[in-house]
Amino acid sequence: MTKKPQLSFWQIWNMCFGFIGIQFGFALQNANVSRIFQTLGAAIDDIPILWIAAPVTGLLVQPIIGYMSDKTWNRLGRRRPYFLYGALAASFALFFMPHSPVLWIAAGMLWIMDASINVAMEPFRAFVGDMLPEEQRTTGFAMQSFFIGVGAVVASALPWMMTNWFGVSNTATAGVIPDAVVYSFYWGGAVLLLAVLWTVFSTKEYSPEQLEAFSRYQASLQETSTADAQPKQPRYLSMGLVSLVLGIIGIVVIAQTQIDQQLYILAVGIALFGVLLILTNQLQKRGKTENGFYQIIQDLFAMPDTMKQLAVVQFFSWFALFSLWIYATSAVTSFHYDSQDATTAAYNAGADWVGVLFAAYNGFAALAAFAIPILASLTNRRIAHAINLCFGGVGLISFLFIDDPRWLLASMIGVGFAWASILSMPYAILSCSLPAKKMGVYMGIFNFFIVIPQILAASILGLIVRELFSGKTIYALVCGGVLMFLAAAATLWVKDEGTS
């Protein structure tokens, strides 16, 4: 038995560097996909349902990749094969996305892009748990936040930079993606691949034998392990039947009332979850439990208490973020630039400014990544996270009270601090409550509590904006700010089993 050694600053730097490339992909996607959809003819009300690709692929891909990477070992290691293969596919998708000739192809490319980025990204979370002792994990996840921020600063602002620095056109005829966006996606694909390759070839993973020795040492320090406790077996059949019936009822009600087609996402999701639980029950009855599907469902219901508490925090946090990502372009162009026509100069100037704002909050997040470990050491990780989420709430709500779009940069300070904390603190807290042998699968399952609020947002935000706010998308951002405050309150109830 031996304790996991501490790594140097540059070792942590190298193992996290790939995230700068992954965030290039995500930032270009977040800042420009709504613009691409609108350019190809999507109506404002249809944008949330088109965005459903991102959370659904994360829901499916991340736990599967986490489970597989837990059981992988080859000449590249445990997690690094997934970094490499995901980066190759994501780079291809970035090159092709801006050349989508019609809306349905663009939506399909979003699925491919997001699935590939998730393949590369998910093992990075478990990678920190694999490589770092508990006392360095806050620093490790904060380093990831730093690279996410730096990568996104450049990637989010690329179309604006192309236009204002290099004279590349940011307008085009109806149905054609502007050259500034096209060239930005080219750069994003190249940077993503090169950054991930840096981590793949600069960082050596611990062998399975070393990880087992570290795990035995950690277990010797604890009398019991919450994560390894065996809970009462869930009643998969009864829960599955209830979920299936509720989903079917929802589908019927939506079809009869024609209230909003996007609600089908929620109803179908509930029904499908019921089907999965019924299938799990059948596998259990037949003794066929040594497969990835059953193990993922089993681990979902056996997750540690800390993970359950963090799930509430994640729900409110990511619903708020998805509100920003879906509606930032529409809110800023309509409220601050007074244009909803994607062919006008005013709209495209506003859309470019959204890219700058996204770059700004990621830049502030990069700076916040240095402050967060200090704040956590002065207080604790829960309080530090709650404070940063409150900053985010203030930032989002302030959109409504600012007339000059230039002053929205001040709003992005709060959003940036919240973003950096969301990308680091929950994972640092969670990793200390998980068994090493299941770090990957639990990090993947934890993604459920990122994805579920995004699916819910895609299902109901269009209805809320249309019915409650008369189509004024600025109020979607205000709702996001309120949810940030709720997430901050929920954070104070989380049990943190590790050290800062």
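Residues numbered from 1 in each chain as written. Predicted model: local features only at pLDDT ≥ 70, side-chain atom pairs only at ≥ 80, totals over all residues. Heavy atoms only, no water.

(A) A look at a nonpolar patch on the surface. Residues Val 242, Val 245, Leu 246, Ile 249, Val 253 and Ile 270 make up a contiguous nonpolar surface patch of roughly 510 Å² in combined accessible area. Counting residues per element, the nonpolar patch draws most heavily on helix 10 (residues 236-257), at five residues. Tracing the chain through its elements places Val 245 in helix 10. Given the relative accessible area of 47%, Val 245 is considered partly exposed. (Patch = residues over 30% accessible without salt bridge, like charges linked within 9 Å, V, L, I, M, F, W, Y side chains within 5 Å. Areas by Shrake-Rupley, 256 points an atom, 1.4 Å probe, with all protein chains shown as cover. Salt bridge = Lys/Arg side-chain N within 4 Å of Asp/Glu carboxyl O. Helix = DSSP H or I, 4+ residues; strand = E, 2+ residues; numbered from the N terminus. Buried < 20%, exposed > 50% of the residue type's maximum accessible area, 1.4 Å probe, protein only.)

(B) Focus on the pattern of salt bridges. Summed over the entire model, instances satisfying the criterion amount to ten salt bridges. A salt bridge links Arg 78 to Asp 70; its shortest N-O distance comes to 3.7 Å. Arg 78 gets classed as buried once you look at its relative accessible area, which sits at 8%. You can call Asp 70 buried: its relative accessible area is 13%. A salt bridge links Lys 308 to Asp 305, with the nearest nitrogen and oxygen atoms 3.9 Å apart. With Lys 308 and Asp 305 both in helix 13 (residues 305-336) and three residues apart, this pair spans about one turn of that helix. Salt bridges linked by common partners bring Asp 70, Arg 78, Arg 79 and Asp 130 together as one network.

(C) Fine view of helix 10. Given a rise of 1.5 Å per residue, 22 residues ought to cover 32 Å, and the 31 Å separating the end C-alpha atoms of helix 10 matches this to within 8%. Its buried side turned inward, helix 10 meets helix 11 (263-285) and helix 12 (292-301). Count one or two residues on from helix 10 and you reach Gln 258, which has phi positive near 55 degrees. (Expected span 1.5 Å × (residues − 1). Contact = heavy atoms within 4.5 Å.)

(D) Highlighting helix 13. With 32 residues, helix 13 should reach 46 Å at 1.5 Å per residue; the first-to-last C-alpha distance of 44 Å fits that figure. Residue Tyr 327 marks the point of greatest curvature in helix 13, where the axis turns by about 60 degrees. The element helix 13 is largely enclosed, with a buried count of 24 among its 32 residues. One or two steps after helix 13, the chain reaches Asp 338, where phi turns positive at roughly 55 degrees. (Bend = angle between axes of the 7 residues up to and from the residue.)

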